[in-house]
Amino acid sequence: MTRPRTWLTTALRLVAGIAIAVPAALLLGASPAAAHPMPHSVVQLDVYKDSVTARLALPVGDFATASGIDLTTVKSTALPAKSKAIRTYLAAHIHPTTLKGQAWQVTIGALSLSRTEQTSTGPYRELVAKAVLTPPAGADVRHFTFDYDVIVHQVVTHITLVTVRQDWAAGRVTGDGATQVGTIRLDVRHMKVPPLTVDLGKGSAWRGFVAMLQLGANHILTGTDHLLFLLILLLPAPLLAAGGRWNGGLAGPRTALTRIARITLAFTVGHSAALAASALTRLQIPGRPVEAFIAASILVGAVHAIRPLFPGREALVAGVFGLGHGMAFSFVLAEMHLSTGQLASSLLAFNLGIELVQLLLVCLALPSLLVLARLRAQPALRVTGALITATAAIGWLADRLGLPNPVARAAGSAGAHTTGMLTVLGVGAVVALAAVGWTRAARQRQSGVTELETMTEPAV
């Protein structure tokens, strides 16, 4: 009687074990990626002399869970209706203080909605908010306590990454990339969100100066439009105009060098004056008209290289058009919101970087320009270069007037190939100098042979 029961009990136990073991194996063997990771928040800090600006990037889903303000279906046009509630909530959860506990002032500024993507989460919507953090008078902006729990106080798995994007005194001026300062997350042991101690180190005016010097050098080196304008004006400098054409012969070496120097100097004076005036007075100049003016100046220079429009007055034209190029340079400084002292130092360093690279490029292009003017193929090469430049200028002009086109994109991307451009100019300079040396040596040999023949010729 007991045997069938034992068999039945064993069978039931086996079935129950299988029923438990199979789901457990599936759960234990499941990939960690099966759990849906949530996006994290990012706080980007821009450090100025007397304040810190924070850009908050907040996932809309977690923000709604923490604040009760649902933005998942809200369009950008409807965001102003919720802006007051959003600013009130943010201000209540951002509390920076000095290391001694003195509270900073927090002002919540512009709000916007956008779509973004993180590697582990895929695309999602985020709320972007700008906050200005102002310390008490005389307090250190480089060392402070950041008490921040915008989302993490309610969403316990949430993480906030705090980074520095711009810090002039530390040499970070481009705004490209970011340096991580720390991470804000829930301390599960004590169930609290500990504040982050921000330590940006000791900044210096010298580091800011060097960074701005490098920025100026990179700006002119990658600014294809600025380089094209200068080079296209220098292209016909060794030539003389006659009858509305560049067929008046060649200018002497000294004359050609003088013209090139005057054009370069005039362009330098023009853009330096405009850069200083617009930056120091903090003029609010609309960008699109200035950029269109630059494209038009390149087009005028290209036409002049084909047919002389203002022969002998290239330096004057370079100075006038240089004013527009200088205003474009000032846009870079205007975006940094520097103090007056930092701005003056940055202006000097930025302009010095521009001039050093400009001088280097002119010196590399000079031998090729002088040799090119003496080649039989000079007219064809000059016109071809001018037509290519004119095409790029027309593309830029159309793009900056509101008509995007592939020509403008291709011309703009040329600035990314600075190494190739420098290599071509360097090789051209070496070849040109070698050609000049070979020609002089050949002339000296020919002169020596002629002199020897004259000396050995019998007297009549």
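In case you missed it, the structure is sitting above this.
Residues numbered from 1 in each chain as written. Predicted model: local features only at pLDDT ≥ 70, side-chain atom pairs only at ≥ 80, totals over all residues. Heavy atoms only, no water.

Focus: the pattern of salt bridges
Rule in force here: Throughout this description, the term salt bridge denotes a Lys or Arg side-chain nitrogen within 4 Å of a carboxyl oxygen of Asp or Glu. Secondary structure is summarised from DSSP: a helix means a run of H or I of at least four residues, a strand means a run of E of at least two, and numbering begins at the N terminus for each. Buried, partly exposed and exposed residues are distinguished by accessible area as a fraction of the type maximum, computed with a 1.4 Å probe on protein chains only: under 20%, between the cut-offs, and over 50%, respectively.
If you walk through the whole model with that rule in mind, you get four salt bridges. The residue arginine 165 makes a salt bridge to aspartate 46 at a minimum N-O spacing of 2.4 Å. In this pair, arginine 165 sits in strand S7 (residues 160-167) while aspartate 46 sits in strand S1 (residues 41-47), placing the two residues 119 residues apart along the sequence. Since its relative accessible area comes to 5%, aspartate 46 is described here as buried. We note a salt bridge from arginine 142 to aspartate 167, for which the minimum N-O separation is 2.8 Å. Residue arginine 142 is found in the loop between strand S5 (122-134) and strand S6 (143-148), and its partner aspartate 167 is found in strand S7; the two are separated by 25 residues along the sequence. Here arginine 142 and aspartate 167 have matching classes, each one buried. Several salt bridges share partner residues, and in doing so they unite Asp225, Glu291 and Arg400 into one network.

Details of the environment of histidine 325
This is how it is decided: Every residue pair with non-hydrogen atoms within 4.5 Å of one another is taken to be in contact. Polar contact criterion, stated in full: a pair of N or O atoms within 3.5 Å, where within protein one must be able to donate a hydrogen and the other to accept it, and residues adjacent in sequence count only if both atoms are side-chain atoms.
You can see histidine 325 is positioned in helix H8 (residues 314-334). Given a relative accessible area of 0%, histidine 325 falls into the buried group. The spatial distance from the C-alpha of histidine 325 to the C-alpha of glycine 270 is 8.2 Å, given a sequence separation of 55 residues. Those residues in contact with histidine 325 that sit more than four places away from it in its chain are Asp225, His226, Phe229, Phe267, His271, Ile294 and Ser297. Within the structure, histidine 325 has its side chain in polar contact with the side chain of serine 297 (distance 3.3 Å).

Considerations on helix H6 (residues 253-280)
The cut-off we apply is this: Here the expected length of a helix is defined as 1.5 Å per residue gap, with one fewer gap than residues.
Across its 28 residues, H6 extends 40 Å between first and last C-alpha, which sits within 8% of the 40 Å expected from 1.5 Å per residue. Where H6 terminates, the next one or two residues include arginine 282, which has phi positive at roughly 55°.

Considering the nonpolar core
Rules: Remark: nonpolar core denotes a set of buried residues (Ala, Val, Leu, Ile, Met, Phe, Trp, Tyr, Cys) joined through side-chain atoms within 4.5 Å.
Formed by 61 residues in total, the largest nonpolar core has its most connected members in Met212, Leu333 and Phe350. Secondary structure elements with two or more residues in this core: helix H4 (205-222), helix H5 (224-234), H6, helix H7 (287-306), H8, helix H9 (340-372), helix H10 (378-400) and helix H11 (406-413). A per-element tally of this core places H9 first, with eleven residues. Sequence-distant contacts of methionine 212, defined by excluding residues within four places in its chain, comprise Trp168, Val173, Leu333, Met336, Ser346, Ala349 and Phe350.

Quick notes on a nonpolar patch on the surface
Threshold: Patches draw on residues past 30% relative accessible area with no salt bridge. Two like charges within 9 Å are joined, as are two nonpolar side chains (Val, Leu, Ile, Met, Phe, Trp, Tyr) within 5 Å. Surface accessibility in these figures is a Shrake-Rupley result with a 1.4 Å probe; residues are shielded only by whichever protein chains are displayed.
A surface patch of nonpolar side chains, amounting to about 310 Å² of accessible area, comprises Val156, Val188 and Met191. The topology assignment puts valine 188 in the loop between strand S8 (179-184) and strand S9 (196-199). Here valine 188 falls in the exposed class, since its relative accessible area comes to 61%.

Describing the packing of aromatic side chains
Two descriptors summarise a pair of aromatic rings, namely the distance from one centre to the other and the angle between the planes of the rings. Selection criterion: Geometry of aromatic contacts follows a simple scheme: Phe, Tyr and Trp rings, the Trp one being its six-membered ring, pair when their centres are within 6.5 Å, and the pair is stacked under 30 degrees between planes, edge-to-face over 60, tilted otherwise.
One pass over the full model with this rule turns up eight aromatic pairs. Judged by centre distance (5.4 Å) and plane angle (55°), the ring pair of phenylalanine 293 and phenylalanine 321 falls under tilted. Of this pair, phenylalanine 293 sits in helix H7 while phenylalanine 321 is found in helix H8, placing the two residues 28 residues apart along the sequence. An aromatic cluster of three or more residues is present, and its members are Trp104, Phe144, Phe146 and Tyr148.

Examining H9
Because each turn of an α-helix spans 3.6 residues, side chains separated by three or four positions in sequence point in the same direction. Stated formally: We define the bend at any residue as the angle between the axes fitted to the seven residues before and including it, ending there, and the seven starting there.
The terminal C-alpha atoms of H9, which comprises 33 residues, lie 47 Å apart, in line with the 48 Å expected from a rise of 1.5 Å per residue. Remark: the principal bend of H9, roughly 35°, maps to alanine 365, with a proline, proline 367, within the next four residues.

A closer look at the side chain of threonine 145
Inspection of the secondary structure assignment puts threonine 145 in strand S6. According to the relative accessible area criterion, threonine 145 is buried, its value standing at 16%. With near-sequence residues (within four places) excluded, threonine 145 lies in contact with His95, Pro96, Thr97, Thr98, Leu99, Pro195 and Leu196.

Focus on the packing of H5 against H7
Two measures define how a pair of helices packs: the angle their axes make with one another and the distance between the axes. For clarity, the cut-off: Axes, fitted as lines to C-alpha atoms, cover a helix only where it is in contact. Angles between the N-to-C directions of the axes lie from 0 to 180 degrees. Oblique is the label for any angle not covered by the other classes, which are roughly parallel (under 35 degrees), roughly antiparallel (over 145) and roughly perpendicular (65 to 115). Working rule for handedness: look at the near helix, and if it is turned counterclockwise from the far one by less than a right angle, call the crossing left-handed; if clockwise, right-handed. Side-chain classes are defined by residue name, with Ala, Val, Leu, Ile, Met, Phe, Trp, Tyr, Cys and Pro counting as nonpolar, Asp, Glu, Lys and Arg as charged, and the others, Gly among them, as polar.
Two elements in contact, H5 and H7, have axes separated by 9 Å at closest approach and are oriented at 25°. Taken together, the axis directions place H5 and H7 in an arrangement best described as roughly parallel. For the pair H5 and H7, the crossing hand works out as left-handed. For the pair H5 and H7, contact is made by Asp225, His226, Leu228, Phe229, Ile232 and Leu233 and by Glu291, Ile294, Ser297, Ile298, Gly301, Ala302 and Ala305, respectively. Considering only residue class, the contact of H5 with H7 consists of eight nonpolar, three polar and two charged.

Quick word on the environment of alanine 392
Secondary-structure assignment places alanine 392 in helix H10. Separated by 17 residues in the primary sequence, alanine 392 and arginine 409 place their C-alpha atoms 9.4 Å from one another. Each residue touching alanine 392, except ones within four places of it in the same chain, is listed here: Leu228, Val407 and Ala411.

Structural notes on the sheet that holds S6
For clarity, the threshold we go by: In this analysis, strands are considered paired if DSSP registers two or more bridges between them.
Pairing within the open sheet is antiparallel, and its three strands lie in the order S3-S6-S9. In this open sheet, the two strands that pair with only one neighbour each are strand S3 (94-97) and S9. Pairs of neighbouring strands in the sheet enclose a mean axial angle of 25°, with direction left out of account. Pairing geometry for S6 and S9, over four bridges, is antiparallel. Looking at the pairing, phenylalanine 146 lines up with leucine 196 of S9.

A closer look at the environment of lysine 84
Tracing the backbone shows lysine 84 in helix H3 (residues 83-92). Under the relative-accessibility criterion, lysine 84 is labelled exposed at 68%. Expressed as a C-alpha distance, the spacing of lysine 84 and isoleucine 108, which sit 24 residues apart in the sequence, is 10.0 Å.

Points about the side chain of histidine 271
Mapping histidine 271 onto the fold places it in helix H6. A polar side-chain atom of histidine 271 sits 3.1 Å from a polar atom in the side chain of glutamate 355. For histidine 271, the contacting residues outside a window of four places in its chain are Gly322, Leu323, His325, Gly326, Phe329, Asn351, Ile354, Glu355 and Gln358.

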